[in-house]
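What the coordinates show
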Amino acid sequence: MKKVLIILFFPLSSFSQQTLYNSIIHDNIQRDYIIHIPNTYNVNNTIPLVFCFHGYGGNASSIMSYTNFNFISDTAEFIVVYPQGTLLQGTTHWNVGGWTLASSIDDVGFIAALIDSISYLYNINLDRIYSTGMSNGGYMSFLLACQLSHKIAAIASVTGSMTPQTYNQCNPEHPTPVLQIHGSGDQVVPYVGAIWSLSINDILQYWINFNSCDALPITTSITDINMFDGTTVERQSWFNGDNGVSTEHLKVFGGGHNWFGISGNMDIHSSAEIWNFFSKYDINGLIETTTEIIEDKKKKKIRLKYLIF
């Protein structure tokens, strides 16, 4: 069917923010989170929900600041939530196994309860709940895809992976679109894996197989816009999975442990790439109407593009 394309331009400065600092009690522990609601929110209309998890030792405020998801939330019209991890030996964390095996925190249960709480307060589209995160937050997103898949439509990981514990106990209930963004030179979460972390190739192969995607990817090179950052990007896409889902990888050659577009490689913006990916899917698979976010740094605008197939 012929594609119909409508392009709208929105200056970032035109949006006001509605950002709230909230908490719930789970397992007798106060669990904090930050929630951002776009000013276009209408209680009569359902709205997607995106979780964004900070890294090990990080916090909700910092990942909210550097990902710029609030701007994309305002433009593309979804609610974004930044949960706060608890302390493990004095360091904030998400309990994903691996180096967090000493933790007793039920973070999967916390997120399930948080979804219920937020869905009570706002008119959430329960078919369009997504998860992403940086490093330990990427591991947490994979854990949710494995253990809370009946609530999670798609995930994206930036510099994260799966621990052996997550991998061995993974039991998704539906084909799950996965986007992995990772630098080949990452020294914190090694691309080739470690005893406490699967290699990026291994996690991709797991989801390619589970989703029944094409065995061979479609590979494209991203334009090297910034030739001075010492990195380049290649997109690998395994299409035609069950329910139309894909497994995708943005491999940053020479890239380190960064949220790309904010630091390290500047040819892509991780947050925009993540929403572009999420917007194609709901919990039932590929959907017909998607939104695409493109950052125009020179004009300081976010471009929102609707694609109707």
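Residues numbered from 1 in each chain as written. Predicted model: local features only at pLDDT ≥ 70, side-chain atom pairs only at ≥ 80, totals over all residues. Heavy atoms only, no water.

**Details of the sheet that holds strand β13 (residues 247-253)**
A sheet is described by the order of its strands in space; here 10 strands give the open sequence β2-β3-β5-β4-β8-β9-β10-β13-β12-β11, paired in mixed fashion. Two strands lie at the open edges of the sheet, namely β2 (18-26) and β11 (218-221), each paired on one side alone. Neighbour-to-neighbour, the strand axes of the sheet open up by a mean angle of 20°, direction not taken into account. In this sheet, strand β12 (residues 232-238) lies alongside β11 in antiparallel orientation, the contact comprising four bridges. Bridging from a neighbouring strand, Thr219 pairs with Gln236 of β12. Contacting β2, β3 (29-37), β4 (47-53), β5 (79-83) and β8 (124-134), helix α2 (residues 69-76) runs over the sheet at an angle of about 155° to β5. (Pairing = 2+ DSSP bridges. Helix = DSSP H or I, 4+ residues; strand = E, 2+ residues; numbered from the N terminus. Axes fitted to C-alpha atoms, helices over the stretch in contact; angles between N-to-C directions. Contact = heavy atoms within 4.5 Å.)

**Here we look at the state of the cysteines**
Here is the idea: a disulfide is a covalent bond, and it sits between the sulfur atoms of two cysteines. This model, assessed by the stated rule, comprises one disulfide. Linked covalently through their sulfurs, Cys146 and Cys170 form a disulfide whose S-S length is 2.1 Å. Handedness of the Cys146-Cys170 disulfide follows from its S-S torsion of about -85°: it is left-handed. One end of the pair, Cys146, is in helix α4 (residues 136-147); the other, Cys170, is in the loop between α5 (164-168) and β10 (178-183), with 24 residues separating them in the sequence. Its relative accessible area of 3% is what places Cys146 among the buried residues. (Disulfide = S-S within 2.5 Å. Buried < 20%, exposed > 50% of the residue type's maximum accessible area, 1.4 Å probe, protein only.)

**Quick notes on the confidence of the model for the chain**
Close reading of the predicted structure is inappropriate where its pLDDT is low. Counting all residues, the mean pLDDT for the chain is 90, and 88% of those residues have values of 70 or more. Here residues 1-17 is a poorly scored stretch, pLDDT under 50, and it has 40 contacts once near neighbours within four places are set aside; other chains count. The low-confidence segment residues 297-309 (pLDDT under 50) makes 59 contacts with residues lying over four places distant or belonging to another chain. (pLDDT = per-residue confidence, 0-100.)

**A short note on the pattern of salt bridges**
Enumeration according to the criterion identifies four salt bridges in this entry. Asp116 serves as the salt-bridge partner of Lys151, at 3.5 Å between the closest nitrogen and oxygen. In this pair, Lys151 sits in the loop between α4 and β9 (154-158) while Asp116 sits in helix α3 (residues 107-121), placing the two residues 35 residues apart along the sequence. Its relative accessible area of 46% is what places Asp116 among the partly exposed residues. In this structure, Glu273 and Arg235 form a salt bridge, with 3.0 Å as the shortest nitrogen-oxygen distance. In this pair, Glu273 sits in helix α7 (residues 270-278) while Arg235 sits in strand β12, placing the two residues 38 residues apart along the sequence. (Salt bridge = Lys/Arg side-chain N within 4 Å of Asp/Glu carboxyl O.)

**Thoughts on the pairing of β3**
One ladder, built from nine bridges, connects β2 with β3; its direction is antiparallel. Paired with Tyr21 across the bridge in β3 is Ile34. Between β2 and β3, which pair antiparallel one after the other, the connecting turn spans two residues, and Asp27 there sits at a positive phi close to 55°. Pairing of β3 with β5, which is carried by four bridges, proceeds in the antiparallel orientation. Paired with Ile35 across the strands is Val81, a residue of β5.

**Comments concerning the side chain of Ser199**
Here Ser199 lies in the loop between β10 and α6 (200-211). Given a relative accessible area of 12%, Ser199 falls into the buried group. A polar contact of 3.0 Å, which involves the side chain of Ser199, links it to the backbone nitrogen of Asp202. Once you skip the residues sitting within four places of it in the chain, Ser199 turns out to touch Ser161, Tyr191, Val192 and Gly193. (Polar contact = N/O pair within 3.5 Å; in protein donor to acceptor, adjacent residues only side chain to side chain.)

**Some thoughts on the packing of aromatic side chains**
Under the definition given, this model contains 18 aromatic pairs. Aromatic side chains Tyr41 and Tyr122 sit 5.7 Å apart centroid to centroid with 75° between the ring planes, which places their arrangement in the edge-to-face category. With Tyr41 in the loop between β3 and β4 and Tyr122 in the loop between α3 and β8, the pair connects residues that are 81 residues apart, well separated along the chain. Look at Phe277 and Phe278: their rings are 6.4 Å apart centre to centre, the planes differ by 50°, and that puts the pair in the tilted class. The exposure class assigned to Phe277 is buried, which follows from its relative accessible area of 3%. Judged by its relative accessible area of 0%, Phe278 falls in the buried class. Aromatic rings pair up to connect Phe78, Tyr130, Trp275, Phe277, Phe278 and Tyr281 into one cluster. Between Arg31 and the ring centre of Phe110, over which it is positioned, the NZ or CZ distance is 3.9 Å. (Phe/Tyr/Trp six-rings, centres within 6.5 Å; stacked < 30°, edge-to-face > 60°. Lys NZ or Arg CZ within 6 Å of the ring centre and 35° of its normal.)

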